[in-house]
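Structure at a glance
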Amino acid sequence: MAPLKFCANLSWLFTELPDFSQRMFAAAAAGFEAVEAAWLYDSDLLELQRAKEAAGVEVVLINTPPGDVQSGEAGLAAVPGRQVDFRRGLDLAVKYANGLGCKRIHLMAGRVPVGSHRGDVAQEMEGVFVQNLKYAADILLKNGITGFIEPINTRVTDPIYFLDSPHQAVAILEKVGKPNIRLQMDVFHWQIMDGNLTQNLHKFFPLIGHIQIAQVPGRNEPNSAGELNYSYLFSTLEKLGYQGYIGCEYKPLGSTEDGLGWLKDYWTINKQ
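These figures come from a predicted structure and were not determined experimentally. (Residues numbered from 1 in each chain as written. Predicted model: local features only at pLDDT ≥ 70, side-chain atom pairs only at ≥ 80, totals over all residues. Heavy atoms only, no water.)

**Let's talk about the pattern of salt bridges**
This model, assessed by the stated rule, comprises 10 salt bridges. Put simply, K52 and E53 hold a salt bridge, and the shortest N to O gap is 3.1 Å. Its relative accessible area of 57% is what places E53 among the exposed residues. For R111, the salt bridge identified is with D158, shortest N-O distance 2.7 Å. A residue pair is termed long-range when its members are at least 10 positions apart, and R111 in the loop between strand 4 (104–106) and helix 4 (118–142) and D158 in the loop between strand 5 (146–149) and helix 5 (166–176) qualify at 47 residues. R111 gets classed as partly exposed once you look at its relative accessible area, which sits at 26%. A network of salt bridges, in which partner residues are shared, links E73, R82, D85 and R88. (Salt bridge = Lys/Arg side-chain N within 4 Å of Asp/Glu carboxyl O. Buried < 20%, exposed > 50% of the residue type's maximum accessible area, 1.4 Å probe, protein only. Helix = DSSP H or I, 4+ residues; strand = E, 2+ residues; numbered from the N terminus.)

Below, the structure written as C-alpha cells:
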C-alpha cells in the first residue's frame, strides 16, 4: 500500500507568519511537499509564484472567491442572483490556479441568503448550483482542472451553508453529470453531520478526490483529544488505495510546528 500524501492548509497552519509566501517556506521546512489554501486573492500572484518555486512546494487546491465577506457571503455557486459574480470569481480562481500550477478548485456553494428560509429556497438554490457547476466544469476542463464541492456542517460551523451533507452533495453531482466535478471530503464536517465514516468512505470513495482532516469537536490536530481515530481512518484510506491529497485543515493547539508530531511519526513509519 502506498503511503498517504498530506498537504498543509496555509489558511490554518503556519499562521504565525503574516503572508502566504512565508508560510510556503515554513511548510517546506517542516517537510511538506504540497500546500493548499482557501483564498489567496489578496496576495500578488507573481509573488506567490516566486515563493512556490523557491520553496519547492506544489499548490494542490484553492477555493473560489467567497463573494462579499462583509455582507456574510461564503461562496456564490448556489446563490440565486449571483451567477455573474460566480463566473467572475471562477475566472479569477482559474487565473490563480493556472499561475500556480494548481489542478484543483473548490467551488464554494455559499449560504442561504439572509432573510430566507432553507426550505423555501432549497430547490431554487440547487438549480442554480447545478447550472453553475455545469458551466464551471466546461471552463475547468479546458484548463485541465478538477472542480470540487464540499459539504460544510450546519450544526456547528455554519448554520446557513447550503451544502451540508455528503448525501446532498452526491445527489447534486449526479444531476451535474460531469466527471471533472468531484467530491471533497472534510472529515470534520462529515463526522458532525452524519458520522458513519467507514461506510460513507466505502460508499462514496469513487467520487472522492480530495480529503481534509481535523479532530472533532475541537478542530485541532488529528491526534488531539476527540471523537476520531485517525490511525484507523488512515489505514482505511490506505487499504482503499486513496491516491489524492489529505489537507491538514485544523487549528493547532500551540505552534504549528509543535503540533506536527503525528505527521512526522507517519512519515517516519512510512519512510516518506
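Resuming the write-up.
**Re the packing of aromatic side chains**
In this description, an aromatic ring pair is defined by two values, namely the gap between the centres and the angle between the planes. The tally for this structure, following the rule as stated, stands at 13 aromatic pairs. Aromatic side chains F6 and W262 sit 5.6 Å apart centroid to centroid with 80° between the ring planes, which places their arrangement in the edge-to-face category. In this pair, F6 is assigned in strand 1 (residues 5–9) and W262 in helix 9 (residues 261–269), connecting sequence segments 256 residues apart. The class of W262 is buried, set by a relative accessible area of 10%. Relative to F32, the ring of F14 lies with its centre 6.4 Å away and its plane at 90°, an arrangement referred to as edge-to-face. One end of the pair, F14, is in the loop between strand 1 and helix 1 (20–29); the other, F32, is in the loop between helix 1 and strand 2 (34–36), with 18 residues separating them in the sequence. Per residue, the accessibility class of F14 equals that of F32, and both read buried. Taken together, the aromatic side chains of F6, Y230, F234, Y250, W262 and Y266 make up a single cluster linked through ring pairs. Looking at R87, its charged tip hangs above the ring of Y135, at a distance of 3.7 Å from the centre. (Phe/Tyr/Trp six-rings, centres within 6.5 Å; stacked < 30°, edge-to-face > 60°. Lys NZ or Arg CZ within 6 Å of the ring centre and 35° of its normal.)

**Topic: helix 7 (residues 197–204)**
Listed in full, the buried residues belonging to helix 7 are L197, N200, L201 and F204. Seen end-on, helix 7 carries its buried residues on one side only, within an arc spanning 105°. Opposite the buried face of helix 7, at more than 90 degrees from it, the exposed residues are Q199 and K203. (Arc of directions from axis to C-beta.)

**Some remarks on the environment of E16**
With respect to the helices, strands and loops of the structure, E16 is situated in the loop between strand 1 and helix 1. Those residues in contact with E16, other than ones at most four positions away along the chain, are G254, S255 and T256. Within polar-contact distance, the side chain of E16 engages the backbone nitrogen of T256 at 2.7 Å. (Contact = heavy atoms within 4.5 Å. Polar contact = N/O pair within 3.5 Å; in protein donor to acceptor, adjacent residues only side chain to side chain.)

**Thoughts on the pairing of strand 8 (residues 245–248)**
Alternating positions in strand 8 separate into two faces, Y245 and G247 on one and I246 and C248 on the other, with burial throughout. As defined by bridge partners, strand 1 adjoins strand 8 across 4 bridges and the pair is classed as parallel. Bridge pairing in strand 8 links K5 to Y245. Relative to strand 8, strand 7 (residues 208–213) runs parallel, the two being bridged by 3 bridges. Note on strand 8: the bridge partner recorded for I211 is I246. At this point the chain moves from strand 7, through helix 8 (residues 230–240), to the parallel strand 8, and the crossover so formed is right-handed. (Pairing = 2+ DSSP bridges. Right-handed = clockwise from strand over helix to strand, strands pointing away.)

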